[in-house]
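Understanding the architecture of this molecule
Below are the chains, spelled out letter by letter.
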Amino acid sequence: MMEEVKEVTPTLSVHAHNIKVTEVLKEGDTLTFLIVSQKLSGTGEYHVDRTYDDFEWLQQHLFSQEDVPGIQGVIFPPLPAKAQVNASAKVMKQLGFLGLEEWQPYCKALENFVQQIAAHSILCKNKALEIFLTSPDPPGRQRVRKNIFNRLSQAVVEMRKESHKDVDEFFQTERDHNLVLTGCTKTATERFLDVVLTEQKIAVACGHFSAALHLCVEQGEDPDKQAFSKACVKLSEVFNSMKKNMTSVAENNVNTLGVGLDLESRYQEAEKEMLFRRTCKLVELETARRNAEKAKPVKKAAMEEVKKVAETEFDHICGVAKQEIAQFHGVRVKMLQQALVQWCEKQLLTAKENADQFDQHLQAFRGMA
Amino acid sequence: MADTARDPPPAHTDFQELEDGEDLFLEPAVIQESGPASLPAEDISANSNGPKQDSLFDDDPEDLFAEATEEVSLDSPEREVLLSDGPSPAITPITPPTSVITPRIGLAHDDMFTHSSFDEIEEEEGGDSFDMHISVSDPEKVGDGMNAYMAYKVTTKTSMSLFKTDEFSVKRRFSDFLGLHSKLASKYLHIGYIVPPAPEKSIVGMTKVKVGKEDQSSNEFVEKRRSALERYLMRTVKHPILLKDPDVLQFLESSELPRAVSTQALSSAGLLRMVNKAADAVNKMTIKMNESDAWFEEKQQHFENLDVQLRKLHASVESLVCHRKELSVNTAQFAKSAAMLGNSEDHTALSRALSQLAEVEEKIDQLHQDQANADFYLFSELLGDYVRLITAVKGVFDHRMKTWQKWQDSQLLLQKKREAEAKLQFTNKPDKLQQAKDEIKELEGKVQQGERDFEQISKTIRKEVSRFEKERVKDFKTIIIKYLESLVQTQQQLIKYWDAFLPEAKAIS
């Protein structure tokens, strides 16, 4: 479905900032997400249910807006990998933080995806978004034709272009910087995930120890037996507290910094894709220029035409890209700040609660002795 | 026990060393529940299978030492009475000036009477409350190559009158500790005292140290051992009887100690130990004791259960320690990657915040390590100690069974001799008759001694078990409080770190 660019009126009939993915339902092997959005005019909401395929449908439509000038300069909001019920270890690893905590972070990621599209000056105009958010029926599972945006289809030989020297210092710097940041962020995200997974293991181990202590409770009126049993029961409570503590700490990690790093990581990749598209266009342009120069008089006019088109497209892309990059820089810093602040506040709260609880246990124990 | 006619077991010296974790005594003792002893010899009362069901404290009017009231000190004449002659095969023959010689097991009556005086010692010491602290510190490698060993400084701080000074220290090596345990075990285990087991040998661990590998794992090994040796000594001296043993005092005070070479696993004494252990395991399985004392039966079951539960707990804690260490490693890795991210970031405030994040995570890593150590040294080692202690407890119960067996065997033999004597009455062999009568008299004495031994060990075990149970509760409570304190402290530290980081995070914009 191709959309003509309308300069003035946005076609989206709902507010962008409070689109919510409120629920996730398991239906057999599929996950279904409930999306709620607020009507622009008056009160009223749209409630729709969508599966991952529908999200992909939306994304493909955004990719295929070939008539929008400079569309290749857009940093497309990244769609998370497909979530599955009873996912394999490989899939879980790929999902990272999004696969934890009963799909709650995943819902947030999908929510963010849709919100970012709705808030994007170019993308929000796509009719597919309106249909996605408001149509009672799922938008259809028809496969949209493949396009150059699908990175997987790009031949390996194209990867060489990634390191193609740029003509613009701004973009060269941005590419270099993005390369470093993408790597660092990915590593940091993976390592943080390892931390969280170990924390979960510790919580489980504390639970086991707590349960094992209950087995040590001995019957009988012997005062020593009773004293020992009492101590075991109290210690069991302590380890139960430790289990809850660890679980909270892990949860906090996932819901704040974890998803933050995950989003940052995926956005860095999205920027990388955009920069790559631009680089490819640059290569195309340079090729066109060479061809135009070398062309025999017969072909010259045609080659010049091709060159002109390439130049225009490239200029459009660079224009859009510059805007996108500037905006991206601002948004990501804000997002990371928010993630870090929330993370710190939550962990601080949890630590205070735990300190209180452990202190209570300690006093109780001292009273026992 | 009318099944097989058996000679009483020979009075051999057992070195029941339980310093290794391996335990051949795996099956619970087979105790047949039946009525009175199935050997109703004439002068044995029907319910003589257990101790008198009276109070744990000694009210025996026949106790020769009932009047003994003076405090036992290092040079007390009473102490000398407790030791008998004859060298102990456990030590290489350099006898130190103070008489530190172990009595041979199974000899004259004297042993049992003198040991019953322990009861008196124990009761008296209520006045001089236990005030003693031993620390094992400063591990130092002595020598080179495969002959190298670790020397530890053993410092005793005490106000007890048992010692000449308030504070003193000596240097000891691991085999010295094993030697001490070996001596104590050979003196006390067979009469029912729960002798704390020494820390375990570790060929792998020690080889690393000998070879000079200075890495984290060999440092951890040395620290683990140092801590284990300290706990071992504290447990030993907390025992009122063991505290006063001359071997213990010599260990703590004497600057020179004869080397206990027979503690080496591959020495001839070591092989003898292994053989004896195997023989004991076989013996134990074939002793069927008619337990008429419900207390012992109940206690044995109790310790079996406790053993199983503690092993489970121990495994559980080990798993926890393992994960904590993993968390520490992962946190450190994350800290590094956060630092790199901070360095690559060109937004100044964000970059600084990320670097701060890396620092916070490094500090948290240290907390994780401390917590892992607490998990390990407080709980894991405590549980391990108790699993080994229970092995020692089971050992004394087995000794009681053996004592009973010995008594029963004497009874059996006595009956046989009586029957033989009765037959001889009708023959005309006055010499043989006299010989038979003499033998019978001797055996009657043995039977009486056997009964006394059995009653004594039963009484001792009751006391020991009571003490053990009280100590167990105290130990666990102390450890739990220490652990909780460490938990509270960790959280307080965390709060400080997060408090410090929050303004940094907020400052990004």
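Residues numbered from 1 in each chain as written. Chains lettered and ligands numbered in written order. Predicted model: local features only at pLDDT ≥ 70, side-chain atom pairs only at ≥ 80, totals over all residues. Heavy atoms only, no water.

Let us look at the overall build of chain B. Each helix and strand counted, chain B has 11 helices and five strands in total. Buried positions account for 52% of the 509 residues belonging to chain B. By sequence separation, contacts in chain B at least 24 residues apart represent 79% of the contacts at least 6 residues apart. Accessible area of chain B: about 24,200 Å², with a carbon and sulfur share of 55%. (Helix = DSSP H or I, 4+ residues; strand = E, 2+ residues; numbered from the N terminus. Buried < 20%, exposed > 50% of the residue type's maximum accessible area, 1.4 Å probe, protein only. Contact = heavy atoms within 4.5 Å. Areas by Shrake-Rupley, 256 points an atom, 1.4 Å probe, with all protein chains shown as cover.)

For the rest of this paragraph, the subject is the interface of chain A and chain B. Opposite the 61 residues of chain A that make contact, chain B presents 57 residues. For the pair chain A and chain B, the summed buried area comes to about 5,300 Å², and 76% of that belongs to carbon and sulfur atoms. The tally of links from chain A across to chain B stands at seven salt bridges. Across the pair A:Asp224 and B:Lys470 runs a salt bridge, and its minimum N-O distance is 3.8 Å. In this assembly, chain A and chain B are joined by 12 residue pairs in polar contact (both at pLDDT 80 or more). Counting only elements with at least two residues in the side of chain A that touches chain B, the list comes to helix 5 (169-214), helix 6 (223-294) and helix 7 (297-368) of chain A. It is helix 7 of chain A that contributes the most residues to the side of chain A that touches chain B, 22 residues altogether. For the side of chain A that touches chain B, the per-class residue count stands at 38 nonpolar, 10 polar and 13 charged. (Buried area = accessible area lost by both parts, 1.4 Å probe. Salt bridge = Lys/Arg side-chain N within 4 Å of Asp/Glu carboxyl O. Polar contact = N/O pair within 3.5 Å; in protein donor to acceptor, adjacent residues only side chain to side chain. Nonpolar A, V, L, I, M, F, W, Y, C, P; charged D, E, K, R; others polar.)

On to the confidence of the model for chain B. All names here are of chain B. Here chain B averages 75 in pLDDT, and 69% of its residues register 70 or above. Predicted confidence is poor over residues 1-117, with pLDDT under 50, and the contacts of this stretch with residues over four places away or in other chains come to 203 contacts. A low-confidence stretch, residues 121-127 (pLDDT under 50), is modelled with 13 contacts involving residues beyond four sequence positions or located in other chains. Interface predicted TM-score (ipTM) for the complex: 0.90; the corresponding pTM is 0.77. (pLDDT = per-residue confidence, 0-100.)

Another point: the state of the cysteines. All names here are of chain A. A complete count under the given rule lists zero disulfides over all chains for this structure. The thiol sulfur of cysteine 318 is not disulfide-bonded, and the nearest other cysteine sulfur, from cysteine 280, lies at 13 Å. You can call cysteine 318 buried: its relative accessible area is 13%. (Disulfide = S-S within 2.5 Å.)

What follows is about the sheet that holds strand 4 (residues 167-173) of chain B. Residues and elements named next belong to chain B. One open sheet accounts for three strands, arranged 2-3-4; its pairing is antiparallel. Every other strand in the sheet has two partners, leaving strand 2 (132-142) and strand 4 as the edge strands with one partner each. Pairs of neighbouring strands in the sheet enclose a mean axial angle of 20°, with direction left out of account. Two strands pair when backbone bridges link them, and strand 3 (residues 149-158) and strand 4 are joined in this way by seven bridges, in the antiparallel orientation. Bridging across to strand 4, lysine 153 finds its partner in lysine 171. Strands strand 3 and strand 4 of the sheet are contacted by helix 3 (residues 174-188), whose axis makes an angle of about 100° with strand 4. (Pairing = 2+ DSSP bridges. Axes fitted to C-alpha atoms, helices over the stretch in contact; angles between N-to-C directions.)

Let us now look at the sheet that holds strand 1 (residues 20-27) of chain A. Residue and element names in this part refer to chain A. The antiparallel open sheet is built from three strands, whose spatial order is 1-2-3. Of all the strands in the sheet, just strand 1 and strand 3 (45-51) have a single pairing partner and so form its edges. Looking at each pair of strands side by side, their axes are set apart by 20° on average, direction ignored. Docked against the sheet, helix 3 (residues 104-119) engages strand 1 and strand 2 (30-38), running at close to 130° with respect to strand 1. Against the sheet, helix 4 (residues 127-134) makes contact with strand 2 and strand 3, and its axis sits at roughly 95° relative to strand 3, the strand it touches most.

All names here are of chain A. For asparagine 86, which is not glycine, the phi torsion reads 50° and is therefore positive. With a phi angle near 65°, tryptophan 103 is a residue other than glycine that sits in the positive phi range. Among the structural elements, tryptophan 103 can be located in the loop between helix 2 (89-95) and helix 3.

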